[in-house]
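Listed below are the residues making up each chain.
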Amino acid sequence: MKFFLSFSLFCLALMPGTLSATALLRQTSAAQNQVAAPPDSELVYAVNEDGTVNAYVGCKGLAAPISDPLALRLTPAAPFSPGQLDIGSTGAITKDAEGVAIYGVGVITITQIHKEPIGAVDYEAYAPPGSLTPPSASVTVSIVGNVATLTVTSGQITRLSVMGNATMAEVDLCARDVLLTDTRGKVKLSQMRSSVINHFAGRTAECWSDFPAARAADLNGHALFVDAPSGHGLAPSGDGLALYAARRPAIAAAATITANDAVSGALTVTQFTLGANSVTLTAQLSGIDAGAVELQYTPTLSPANWLTLTPSSRTLEDDSLTLSAPRISGKSGFYRLVAGETVSLLISVMGDLDVHGKLILHSPSGKRFAVSVADDGTLSAAELAQ
C-alpha cells in the first residue's frame, strides 16, 4: 500500500470527536528494516525515490508492509497450537496412553515463540489409572508478556492449554465505524447487529433486485412458491406452466403444435429488456432459422391476441438472436418470440375470468374491438381507433 505526501513529516491523526491527538511516526528505509526491524506493533514509514511512502509495522521480528495480512492480527479465539509454543520443565515429564504430556513437581516455562502475549493457561490435575484418590495438584501461575511460568509444588498436571491475551481494542461505533470484507462483500460493523436481527426475522432484502442472479436459474421440475402454506406458486403442468392459487391451477400456459407442424429445434429466451420506448428480447436458437423468428405482443393473455411487431434491429451472434422493436406507448402487455408454427402459446383460465377495464379482441384483418356488456347481459363490440 502506498501513500503520497506533500509534507516532510508523515503523521497519523486520530479522528476528531473521538480523541484529539497527533502521533509522529518514526522514519525508516528498506535497508534499515533489513538491519533492524521495528519492534512488534510499531508503525513506521519509508520515503521512496519517487516521493511515494510505504508504511510498515513490526511483526514477529520483521518489517511487514501494512498491506501484508500478517501485519494486522486478531486475538486468537482458540488456544495457541503446539507449534507456536516452546515448553520446558525442570521436573519429570511423562506421557499418558494417548501421548499427552504429564508434568511432575517442578517449574514449567511456556514461551510464545512469535512474541504474542499470553492471556491465560489452563491445565488439569492428573492421577494415574487405578489411583484410589481423586487427582489433585498445587500450582501457581505467573504470566509476563509472552512467557508463562507454572510452579508445580505437589501432584501432577496435564493437558496444558495456552490462550492469547483476550484484551482487544474498544471501538465506539457511535463515533467511528469498521468496514469488514469477506467473500460475500463489504459490511459495516455498526450495521451488523441490525443485519443479524433482520436475517433471523426473514428480512434479508426489500426486493429480489437486491440479489441479482449470477446465472440462469434452473428449478429442475420443481415448483416456485410465492406462499407455500397457502399454495400459491408457479409449477410445471403437463407440457406447460400453471399459476396456482390456493393449491389449484388458475392460469396455465403451454406450447402447442398442430398435427401437420414439424418441431425441428428449440427457441429459448435468455434476456428480456423493457425500456421506456423500446422492447428487446434475446434468444438462443437450436435448429431454428433466425430469419423465421418474429417478435409478437399481446395486451392481454386471456384472450391472447398476438400482434407481430416490426423489428427496429435484428442481430445474430453465433446462435444468439436479439430483436428490438418500438414499445407500444402507454400500454402494458406480454411479449414473445416465435418461429412460424414451431412455437405457439395456448392460455387456459380455470375458474371465473373477472375483467376490469376493456376486453379487446382483434379481428382477422387486424381491427380492434372493445367488448362490453349491458345490464341485461347483452354483449356489444365497438371498434377502437388504431
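Structure report, in brief. Treat the numbers as computed from the prediction; the structure is a model and nothing was measured.

The subject of this paragraph is the packing of aromatic side chains. Two measures describe an aromatic ring pair: the distance that separates the ring centres and the angle between the ring planes. Evaluated as defined, the whole model comprises two aromatic pairs. Taking the centre distance of 6.0 Å and the plane angle of 40 degrees together, the rings of phenylalanine 272 and tyrosine 335 count as tilted. You can see phenylalanine 272 sitting in strand E21 (residues 266-274) and its partner tyrosine 335 sitting in strand E27 (residues 334-339), a full 63 residues away along the chain. Tyrosine 335 sits in the buried class, given a relative accessible area of 15%. The interplanar angle of 50 degrees and the centroid separation of 5.0 Å between the aromatic rings of tyrosine 297 and tyrosine 335 together place this pair among those described as tilted. With a gap of 38 residues between them, tyrosine 297 in strand E23 (residues 293-298) and tyrosine 335 in strand E27 connect regions that are remote in the sequence.

Moving on, we get to the sheet that holds strand E26 (residues 320-326). Hydrogen bonds along the backbone pair up the strands of a sheet, which may run parallel or antiparallel. Reading across the sheet, the four strands line up as E21-E22-E26-E25 and stay open at both edges, with antiparallel pairing between neighbours. Two strands lie at the open edges of the sheet, namely E21 and strand E25 (313-317), each paired on one side alone. Within this sheet the neighbouring strands show an average axis-to-axis angle of 20 degrees, counted without direction. Both strand E22 (residues 278-286) and E26 contribute to a ladder of seven bridges, which runs antiparallel. Bridge pairing in E26 links threonine 282 to threonine 322.

Attention now goes to a nonpolar patch on the surface. Taken together, the side chains of Leu219, Leu224, Leu234, Leu241, Leu243 and Ile251 make up a nonpolar region of the molecular surface, amounting to roughly 460 Å² of accessible area. If you trace the backbone, leucine 219 turns up in the loop between helix H2 (192-200) and strand E17 (224-227). Judged by relative accessible area, leucine 219 falls into the partly exposed class, the value being 41%.

Thresholds, definitions, all that
Residues numbered from 1 in each chain as written. Predicted model: local features only at pLDDT ≥ 70, side-chain atom pairs only at ≥ 80, totals over all residues. Heavy atoms only, no water. Phe/Tyr/Trp six-rings, centres within 6.5 Å; stacked < 30°, edge-to-face > 60°. Helix = DSSP H or I, 4+ residues; strand = E, 2+ residues; numbered from the N terminus. Buried < 20%, exposed > 50% of the residue type's maximum accessible area, 1.4 Å probe, protein only. Pairing = 2+ DSSP bridges. Axes fitted to C-alpha atoms, helices over the stretch in contact; angles between N-to-C directions. Patch = residues over 30% accessible without salt bridge, like charges linked within 9 Å, V, L, I, M, F, W, Y side chains within 5 Å. Areas by Shrake-Rupley, 256 points an atom, 1.4 Å probe, with all protein chains shown as cover. Salt bridge = Lys/Arg side-chain N within 4 Å of Asp/Glu carboxyl O.

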